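# Overview (structure and organization)
Below, each chain spelled out in residue letters.
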Amino acid sequence: MFGRDEKVSAIRLTVAQYIILAIFLILAYGLWRLQVMQSDLYSSLAEKNRIRNVPILAPRGKIFDREGRIIVDNYPSFSALLLRDSSHDLNADADLIAEGLHLDPNEVRARIRRFASMPQYQPIFLKEDITPDELAFIDAHRNELPELDTIMAHRRLYPRNGFMAHVIGYVGEVTEDMLNQPQFELYSPGDVVGISGVERQYNTMLMGKNGARQEVVNSHGRTVGLLGETDAVPGKQLKLTLDIDLQIAAEEALDGKNGAVVAMDPRTGEILAMVSRPAFDPQSFSVRVSRDQWNKLVSDENHPLLNKAIQAQLAPGSTFKIIMATAGLQEGIAQDLHVNCTGGGTFYGRYFKCWIAARHQTHGAVDIVKGIYQSCDVFFYTLGEKLGIDRIAKWATALGMGQKTGIDLPQEVNGVMPSEEWKIKKFKQKWFAGETISVSIGQGAIAATPIQMARAFGAIASGGRLVRPHVTNPTDLPPGVIQASNVPDEVTIPIDPRNWEIITDAMAQVVSPVGTAAASAIKGIDMAGKTGSAQTVSNMLKSKMSASEKSKYKDNGWFVGVEPRRNPEIVVCALFEEGEHGSEAAHVAAKVIQAYVEKQRRLPTKMAKNNGKAEIGAVWTAPDTDGEEQRLQAGHFFVDMPKESIAALVAAPGIR
Amino acid sequence: MSRYVSFRDFDWLLLVFVLLICALGITEIRSATMHTKFAGAHIKQMYWVAAGVGMMFVMSLVNYQVLLDRIHWFYIASLVSLMAVLIFGQKYLGARRWIKMPGANHFQPSEWVKLILILSVAKYFADLRHQELSWPDFVKAGAMVGVPMLMVLAQPDLGTALTYVPIAVMGVFLGGMQWKQGLLIVLLATLGIGAVFFIPRVHVLKSYQKQRLTSFIDPTLDPQGSGYQVEQSKIAVGSGGLWGGKGSQTHGAFLPVPQTDFIFAAFSEEHGFVGALGVLLLYFIVLMRLTQNAQTAPDRAGTFVVMGVVAVLSFHILVNVGMVVGFMPVTGIPLPLMSYGGSSVLFMFLALGMVMNVRMRRFVN
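Residues numbered from 1 in each chain as written. Chains lettered and ligands numbered in written order. Predicted model: local features only at pLDDT ≥ 70, side-chain atom pairs only at ≥ 80, totals over all residues.

## Details of the overall build of chain A
Short version of the rule: Each helix is a run of DSSP H or I of at least 4 residues and each strand a run of E of at least 2, with the numbering of both proceeding from the N terminus. To assign burial, the other C-beta atoms lying within 10 Å of each residue's own C-beta are counted, with C-beta atoms placed from the backbone; 20 or more indicates buried, 12 or fewer indicates exposed, and intermediate counts indicate partly exposed. We call two residues in contact when their backbone-placed C-beta atoms lie within 7 Å.
When its secondary structure is counted, chain A shows 25 helices and 23 strands. Counting only residues that meet the buried cut, chain A has 45% of its 656 residues in that class. Pairs at least 24 residues apart make up 73% of the contacts formed inside chain A by residues separated by at least 6 positions.

Structural data, given as structure tokens:
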């Protein structure tokens, strides 16, 4: 044992005491810093911890047809949410969660990572539209997986089998790419937005505003109280100009074919029907689409996601001859042009065939009328040679070729209307006069969309009134929502009434026994139109191909028709891809026109709304302009009429 | 040698302060575990404290000098028990720390090893007669603590292993540490912390330990892990303000384990800066009273024993309260006397029993 003199250094013991004092002062400072200096900050953080914002999802606005019939509805569906303010290790639970919800665990982890920057109290949407057994899984694991929760949301219910799919479009979760764009800056990840069609075009009005419920929760996410609630503002409903009845007719007419149908009222620009085939099922997009499914849709060579009515840029073929005829007549050349068709002709040193040559026939003497109803290529080659590309381009551009029609649907394409200036700009090359010959029959560099053709035909048949097509009426839209477009709603291109009559009468003969679409004539309906068969590859290339290759590049069939022939109520453009001949497309268009006319005849008249002015469509025979021949005439008129007589008018057959 | 030992020399004042701290701990355990599955833990804690006080009295009666004479056997036994844990121990949450004892109680040897180490270090330095600590003695003292420390680290239990460090440091410091040796300790500590902070791929540390340490540097890196715990603890303490708040962090269960490691955070939230400072003051009084006892110890060994307890207690307070206020990483070290848990309570009272033991023999000649 050691004595007292061997005691431990007193100084060192004192130093130890001071070190302890220093430690306590540091700890006391730590408390002071948190509890006195930053007390407010941490109090507010404690409040945030305690309060959870649960979104109340706003239902999207429903979509109706022109008669108020529902097209797109909502249905209640449950979504699985991941609450991140529970103290559970989300990454560790990811496997169990993924198994129960039938998800890929890596995808679950990726989502947790992606949302890491978002505030903690905001839950992550894990899976939408969960099945009843997935809902049961969440209910059964309330204790093991307290971070899992469900929320009821209104989900889109689209028509089946892709009906009207391209016009409606579809909704989806806002993508990261979209969030980077200025027009989506107000959205946050997880928001459901319109991706295509009117769902995208009118997304802001359809979307509504989510509400929120402030719940008092504990760390396990269990709700222990309610602080406040802001109601969701439902999206506004959208009324389209499309007519379900006509849409059904158009869908059925194009069934089993690839292509597009557009039906428009050329008086207003209202789109009555719009079909693109093949279609996709928007329902599969209303919930998150799987990668495989998406890749399949994108890589499909028939482009099911493309709305061909406004996005297919193809050679319009012989349908372009109506625009040629307009240019030729207005420029004063076509009236007196008489051509002898011998199955082809030489222009600028090259021999161009007429389509009739394939049948080992000729058209013989051809004037503008026969040129149209027999679609004589030689006539239009000659006309094109005489007009020159710039005069053709002038009229075609005036009629809307090579530019967007301004329809209120997203991603419309321009098409191409070549001219000398265009070629220099685009290819830095001079225009070859020979190219004009191909363009004259709607081949070569020219490319048009079905909506452009419908609009141009509507304008020509209406005497020059070119309207902007639209799928919604501005009057049906709530204030503040405008159809932003730099295309004017209506332009009048002066077309001489005599030229107008020549063209429209010739178009009516297309569906007469002498025309190229004779088989599409419908008794009692004054349909007029023009066929087109557009090559998808040049003749030169085709001649080098084997028979099997040739069959792969069949011609596209076009038909653009109006009813009645002058001042029409409806114009229909049918594109039948690989339809070989325009007469096939004519059948498609004729079915739509027939459906339209038959429906109009069944309907009670709409006359009453025009303040006693009745709108009458009529067909009659009258002497031709030269006063010699009796010809079928058609048109429609506004007549002042006392209200009592309206009922009698409705009863008259053939008149609406 | 005649010895006069009487409970009149028992440090009743120290016991009053210690029991005051325990009482505050028990009320906080009650408040924090209310409406949870741990409800009623405060009753169990009362039993632990009562048992601890009893053991403290027993401990105070066993002459520490007798214990010190046989300390090498205890030291060997402690190494064997640590080895047994590594081989037969119960695995729980990825660590082998407990030996299952008959009677369904789990025994954690690393706690009582702490006590043996205090005595071993005391014995070792008391026997050295030099004014200055020689380098071989410095290394030997380091190895004496270092070996069991590495064994605990292998369990792995970083927190408990760290609590062995202050025992050695205190012994070396009071045993006549040269300034170069002090520098070496500082250097080693810096290297150790630096390695942990700046070489994330140190394989010595388990991933949860690395996570605990890295998340301390930036809690937002791992919001759901230990960074989350530090953040919630700071929110709890801060929202307490000057006079204490409603305790939503504690009662909403945002604060992790509010009855054990984070009991000081729970207390600070409910009783504010004033209450928390009061508790710190109580601890400070206890520590000052202990050092006073060390100064009046009958011999060198007694001083080393008491100062060893001071070192462990101070270190626990520094690391635990430091963690609660966000100065220290989450290491899983409880706050002695307040945190719920039998091992911790029993260790503290046994250590205090040893202090009493030393004090009661201060007038022995």
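## With respect to the overall build of chain B
Helix and strand counts for chain B stand at 14 helices and 3 strands. Looking at chain B alone, contacts between residues at least 24 apart form 69% of all its contacts between residues at least 6 apart.

## Quick word on the environment of Gln237(A)
All names here are of chain A. Looking at where glutamine 237 falls in the secondary structure, it is placed in the loop between β9 (223-230) and β10 (238-239). Take glutamine 237: there are 17 C-beta atoms within 10 Å of it, and that puts it in the partly exposed class. Separated by 165 residues in the primary sequence, glutamine 237 and valine 72 have C-alpha atoms spaced 9.8 Å apart. With residues up to four places along the chain from it excluded, the contact list for glutamine 237 reads Gly61, Lys62 and Phe64.

## Digging into helix α10 (residues 244-253) of chain A
Those residues of α10(A) lying buried are Leu246(A), Gln247(A), Ala249(A), Ala250(A), Glu251(A) and Ala253(A). In the core, the buried residues of α10(A) are packed alongside β11 (259-265), β12 (270-277) and α24 (582-602) of chain A.

## Remarks on the sheet that holds β11(A)
Residues and elements named next belong to chain A. Here is the rule we go by: When DSSP finds two or more bridges between two strands, those strands count as paired. With axes taken as lines fitted to C-alpha atoms, and helix axes fitted only over the stretch in contact, angles between N-to-C directions fall between 0 and 180 degrees.
The antiparallel open sheet is built from 5 strands, whose spatial order is β12-β11-β21-β20-β19. Unpaired on one side and paired on the other, β12 and β19 (528-534) mark the two borders of the sheet. When strand polarity is set aside, the average angle formed by the axes of neighbouring strands in this sheet is 5°. Relative to β12, β11 is paired through 7 bridges, and the arrangement is antiparallel. Opposite alanine 260, over in β12, you have serine 276 as the bridge partner.

## Things to note about the interface of chain A and chain B
Note the following rule: Nonpolar residues are Ala, Val, Leu, Ile, Met, Phe, Trp, Tyr, Cys and Pro. Charged residues are Asp, Glu, Lys and Arg, and all others, Gly as well, are polar.
Contact with chain A, which involves 37 residues of that partner, is made by 42 residues of chain B. Those elements giving two or more residues to the side of chain A that touches chain B turn out to be α1 (10-37) and α2 (39-50) of chain A. For the side of chain A that touches chain B, the leading source of residues is α1(A), giving 16 residues. In terms of residue class, the side of chain A that touches chain B is made up of 20 nonpolar, 12 polar and 5 charged.

## Brief notes about the nonpolar core
Rules: We call a set of buried Ala, Val, Leu, Ile, Met, Phe, Trp, Tyr and Cys residues a nonpolar core when their C-beta atoms link them within 7 Å. The split of the chain into domains comes from an automatic or database domain assignment.
Core analysis: the biggest nonpolar cluster contains 129 residues, and Val261(A), Val262(A), Ala263(A), Val572(A) and Val592(A) have the highest contact counts within it. Here the element with the most residues in this core is α24(A); it accounts for 10 residues. Looking at this core, you find at least three residues from each of domain 1 (52-239) and domain 2 (244-288 + 312-471 + 487-603) of chain A. Setting aside anything within four residues of it in sequence, one finds Val261(A) in contact with Ala250(A), Ala253(A), Leu254(A), Ala273(A), Val275(A), Val572(A), Ala574(A), Val588(A) and Val592(A). Counting residues in hydrophobic clusters, the runner-up holds 116 residues, among them Leu31(A), Met59(B), Val321(B) and Phe347(B).

## Focus: the confidence of the model for chain A
All names here are of chain A. How we decide: Each residue carries a pLDDT score, the predictor's own confidence in it, on a scale running from 0 to 100.
Across chain A, the average pLDDT comes to 83, with 84% of residues at 70 or higher. Least confident of the elements in chain A is helix α25 (residues 646-651), whose mean pLDDT is 46; most confident is helix α20 (residues 450-461), at 95. Low confidence marks residues 606-610, where pLDDT is under 50. Its contacts with residues over four positions away, or in another chain, come to 7 contacts. When the criterion is pLDDT under 50, residues 647-656 qualifies, and its contacts beyond four places in sequence or with other chains add up to 14 contacts.

## Thoughts on the packing of helix α1 (residues 12-33) of chain B against helix α2 (residues 41-61) of chain B
Residues and elements named next belong to chain B. Quick note on the threshold: Any angle from 65 to 115 degrees is called roughly perpendicular, while one under 35 is roughly parallel, one over 145 is roughly antiparallel, and all others are oblique. Note on convention: near helix rotated counterclockwise from far helix by under a right angle means a left-handed crossing. Clockwise means right-handed.
Here α1 crosses α2 at 160°, and the two axes come no closer than 8 Å. With respect to α2, the axis of α1 lies roughly antiparallel. Seen along the crossing, α1 lies across α2 with a hand that is right-handed. Of α2, the residues touching α1 (which contributes Cys22, Gly25, Ile26, Ile29, Arg30 and Thr33) are Ala41, His42, Gln45, Met46 and Val49. The class makeup of the residues in the contact of α1 with α2 is 6 nonpolar, 4 polar and 1 charged.

## Quick look at the environment of Thr472(A)
Residue and element names in this part refer to chain A. Checked against the element boundaries, threonine 472 lands in the loop between β17 (465-467) and β18 (490-492). A count of 24 C-beta atoms within 10 Å places threonine 472 in the buried class. Along the backbone, threonine 472 and leucine 240 are 232 residues apart, and their C-alpha atoms lie at a distance of 4.6 Å. Beyond its immediate chain neighbours, meaning those up to four positions away, threonine 472 contacts Leu238, Lys239, Leu240, Thr241, Asp408 and Leu477.

## Remarks on helix α21 (residues 497-510) of chain A
Since there are 3.6 residues in each turn of an α-helix, residues three or four apart along the chain are aligned in direction. All names here are of chain A. Filter applied, for reference: What a helix is expected to span follows from its residue count: subtract one and scale by 1.5 Å.
Its 14 residues give α21 an end-to-end C-alpha distance of 20 Å, which sits within 8% of 20 Å, the value for a rise of 1.5 Å per residue. α21 sits mainly inside the fold: 11 of its 14 residues count as buried. Regarding α21, the residues found buried are Asn499, Trp500, Ile502, Ile503, Thr504, Asp505, Ala506, Met507, Ala508, Gln509 and Val510.

## So, unusual backbone geometry
Most of the time, phi is negative for any residue but glycine, and the peptide bond is trans. Residue and element names in this part refer to chain A. In this structure, proline 278 follows arginine 277 across a cis peptide bond, with omega equal to 0°. With respect to the element layout, proline 278 can be found in the loop between β12 and α11 (283-286). In this structure, proline 564 follows glutamate 563 across a cis peptide bond, with omega equal to -15°. In this structure, proline 564 sits in the loop between β20 (556-563) and β21 (570-576). The backbone of methionine 164 shows a phi angle near 60°, a positive value even though the residue is not glycine. You can see methionine 164 is positioned in the loop between β5 (148-157) and α6 (165-168). Overall, methionine 164 belongs to the buried group, with 28 C-beta atoms counted inside 10 Å. Of note in this structure, histidine 360 is not a glycine but carries a positive phi near 55°. Relative to the helices and strands, histidine 360 resides in the loop between β15 (350-353) and β16 (364-366). For histidine 360, a count of 7 C-beta atoms within 10 Å puts it in the exposed group.

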